[in-house]
Amino acid sequence: NYGGEIDISSIVQTTQSVLINNVNGSFEDPDILSASNHEQSFNGGRIKTFDEDDITGWSTTAGDNRIEVWHESNTARAHDAYEGEQWAEINANQTAALYFDLNTQPGVEMIWRFAHRGRSGTDEIGLYIGPSNGTLTEITTESTDNTAWVLYEGTYTVPDGQYFTRSIKNST
């Protein structure tokens, strides 16, 4: 399940195949067209900001704890979502990042992938992965224009002693 703006979707263990999807990878929960627990609403309710606690599986580094979710029926940026009908804008009201944490096993090779599209032109996104309570490693920085979604993917091997892994995406 990948889409929205960002998704790290599966983990494959080298000795045994294990598939683990992050929760709400394409930002379909909540359905913003019917959600009433939003903090702000724009474009006839087709763009809304929510407290991070209301976006299943995701957190933000934003000081106001808001995550902005767009529905593909918005008139501000008329294009389809990569998957499903919604996506997240990394910077809601301020420069920030979106992230999630996973329980992992050392030695497991994670297959990461995310779809990205610039908002008004060419935008950069950085992917960082590492221990949830430690220093993250820059995995990639990608530049994407606003003409189409681009899927990026690669691998990350969980190091010894790392049982909780954070994946963070930020605009650069």
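Described in the following lines is the structure provided in the data block. (Residues numbered from 1 in each chain as written. Predicted model: local features only at pLDDT ≥ 70, side-chain atom pairs only at ≥ 80, totals over all residues. Heavy atoms only, no water.)

1. A closer look at the overall build of the protein chain
Piece 1. The number of helices and strands found in the protein chain is 0 helices and 12 strands.
Piece 2. Reading the protein chain from its N end, one meets helices and strands in the order β-β-β-β-β-β-β-β-β-β-β-β.
Piece 3. Going through the 172 residues of the protein chain one by one, you find that 44% of them count as buried.
Piece 4. Sequence-distant contacts, at least 24 apart, represent 65% of the contacts inside the protein chain between residues at least 6 apart.
Piece 5. In the structure as shown, the protein chain presents an accessible area of about 7900 Å², 42% of it carried by carbon and sulfur atoms. (Helix = DSSP H or I, 4+ residues; strand = E, 2+ residues; numbered from the N terminus. Buried < 20%, exposed > 50% of the residue type's maximum accessible area, 1.4 Å probe, protein only. Contact = heavy atoms within 4.5 Å. Areas by Shrake-Rupley, 256 points an atom, 1.4 Å probe, with all protein chains shown as cover.)

2. Things to note about the environment of E138
Piece 1. By the element assignment, E138 lies in strand 10 (residues 137-144).
Piece 2. We classify E138 as partly exposed; its relative accessible area is 47%.
Piece 3. Separated by 10 residues in sequence, E138 and Y128 place their C-alpha atoms 4.4 Å apart.
Piece 4. Those residues within four positions of E138 in sequence are excluded, and the remaining contacts are L127 and Y128.
Piece 5. Polar side-chain contacts of E138 include one of 2.5 Å to the side chain of T141. (Polar contact = N/O pair within 3.5 Å; in protein donor to acceptor, adjacent residues only side chain to side chain.)

3. Some thoughts on the environment of G118
Piece 1. Considering the arrangement of structural elements, one finds G118 in the loop between strand 8 (109-116) and strand 9 (123-131).
Piece 2. Considered as a pair, G118 and D145 are 27 residues apart in the sequence and their alpha carbons are 4.7 Å apart.
Piece 3. Apart from the residues within four sequence positions on either side, G118 is in contact with D123, T144, D145 and N146.

4. With respect to the sheet that holds strand 4 (residues 59-60)
Piece 1. Strand order in the open sheet formed by 5 strands is 4-7-12-9-10, and the pairing between neighbours is antiparallel. Each edge of the open sheet is held by one strand with a lone partner, namely strand 4 and strand 10.
Piece 2. By the bridge criterion, 7 bridges tie strand 9 to strand 10 in an arrangement that is antiparallel. Residue pairing across strands places D123 opposite T144, the latter belonging to strand 10. (Pairing = 2+ DSSP bridges.)

5. Digging into the packing of aromatic side chains
Piece 1. Inspection of the entire model under this criterion finds 7 aromatic pairs.
Piece 2. For the pair Y82 and W149, a centre-to-centre distance of 6.4 Å together with 70 degrees between the ring planes defines the contact as edge-to-face. Here the residue Y82 occupies a position in the loop between strand 5 (66-71) and strand 6 (86-89), and W149 occupies one in the loop between strand 10 and strand 11 (150-157), the gap between them amounting to 67 residues.
Piece 3. What makes Y82 partly exposed here is its relative accessible area of 28%.
Piece 4. Judged by relative accessible area, W149 falls into the buried class, the value being 15%.
Piece 5. Ring geometry for W87 versus W149: centroids 5.8 Å apart, planes at 75 degrees, classification edge-to-face. Residue W87 is found in strand 6, and its partner W149 is found in the loop between strand 10 and strand 11; the two are separated by 62 residues along the sequence. For the pair formed by W87 and W149, the shared burial category is buried. (Phe/Tyr/Trp six-rings, centres within 6.5 Å; stacked < 30°, edge-to-face > 60°.)

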